[in-house]
Amino acid sequence: LGDGWAIPNVFGLVVKDEEFASAVRKALQEVGVRVSPRTRLSNGFYSAFAYSKSFSDWIRSTNLAFLGQHIQDNSLVCAFLKGFYDSEGSLSRDKRGYLQLRIYNSNMDLLILVKSMLERIDIAGVIYRDGVKKQGTRKWIVDHYACMNKEYFSLALTKQANIQSFLKQVGSNIPRKAGK
């Protein structure tokens, strides 16, 4: 999910925000997974790598049904949403100065699950089809560019009260995404 990946024995994350990479490293350490030290890559991105066969296997076996069944408690819902927003979300202001909060993904079913989690904590959102990344669109992934050709969607919080509630209840590890 999001910016992470898993192969046998290793879970990895490469992101542009140092705060997000640090939060992931801390969370992994809290559950007893051995992690790499703070790393800034030559491209300016930050990484977090976990070395655990059992954790890597668990991540690779996790699916939407598992998430929907096991993330029920509001504190877990908020923790999941925080990580997903840090990975896939954006916070900006429109030309009138109103906040805009969106979470992007190519997996519509995942966004539907995220929307239902938001509804559990009384936050409403709307899912939009954002279009298709054109063949040959390049996206930096770890140490190389990958060509994308996927349909993308966004989950938008359109009302200021919902955005403020999200920022208060869920928040972000990344200051620019926390509305500060």
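Worth saying up front: this structure is predicted, and the values here are computed from it rather than measured.

**Structural notes on helix 5 (residues 108-120)**
And then number 1: Between its terminal C-alpha atoms helix 5 stretches 19 Å, which fits the 18 Å expected from 13 residues at 1.5 Å a residue.
And then number 2: For helix 5, the full list of buried residues reads Leu110, Leu111, Leu113, Val114, Met117 and Leu118. The arc that holds every buried residue of helix 5, seen down its axis, measures 155°, which confines them to one face.
And then number 3: Taking the backbone nitrogen of Asp109 as reference, a side-chain oxygen 3.0 Å away marks Asn107 as the first, capping residue of helix 5.
And then number 4: Two residues or fewer after helix 5 comes Asp122, characterised by a positive phi angle close to 60°.

**Here's the deal with the pairing of strand 5 (residues 89-93)**
And then number 1: Bridge count for strand 5 against strand 6 (residues 99-105) is 5 bridges, and the pairing is antiparallel. Bridge pairing links Gly89 to Ile103 in strand 6.
And then number 2: Where strand 5 folds back onto strand 6 in an antiparallel hairpin, the turn is made up of 5 residues, including Gly97, whose phi is positive at roughly 95°.

**A look at the pattern of salt bridges**
And then number 1: Overall, the coordinates contain 5 salt bridges when judged by the stated rule.
And then number 2: Its salt-bridge partner being Asp17, residue Arg176 comes within 2.7 Å of it at the nearest N-O pair. Pair noted here: Arg176 is in the segment after helix 6 (160-169) and Asp17 is in the loop between strand 2 (10-15) and helix 1 (18-30), with a separation of 159 residues, a long-range link.
And then number 3: Given the relative accessible area of 43%, Arg176 is considered partly exposed.
And then number 4: Among the residues examined, Asp17 registers a relative accessible area of 11% and is labelled buried.
And then number 5: Salt-bridge contacts for Asp94 lead to Arg96; the nearest nitrogen and oxygen are separated by 3.0 Å.
And then number 6: Connected through shared salt-bridge partners, Lys53, Asp57 and Arg60 make up one network.

About the criteria used
- Residues numbered from 1 in each chain as written.
- Predicted model: local features only at pLDDT ≥ 70, side-chain atom pairs only at ≥ 80, totals over all residues.
- Heavy atoms only, no water.
- Helix = DSSP H or I, 4+ residues; strand = E, 2+ residues; numbered from the N terminus.
- Expected span 1.5 Å × (residues − 1).
- Buried < 20%, exposed > 50% of the residue type's maximum accessible area, 1.4 Å probe, protein only.
- Arc of directions from axis to C-beta.
- Polar contact = N/O pair within 3.5 Å; in protein donor to acceptor, adjacent residues only side chain to side chain.
- Pairing = 2+ DSSP bridges.
- Salt bridge = Lys/Arg side-chain N within 4 Å of Asp/Glu carboxyl O.

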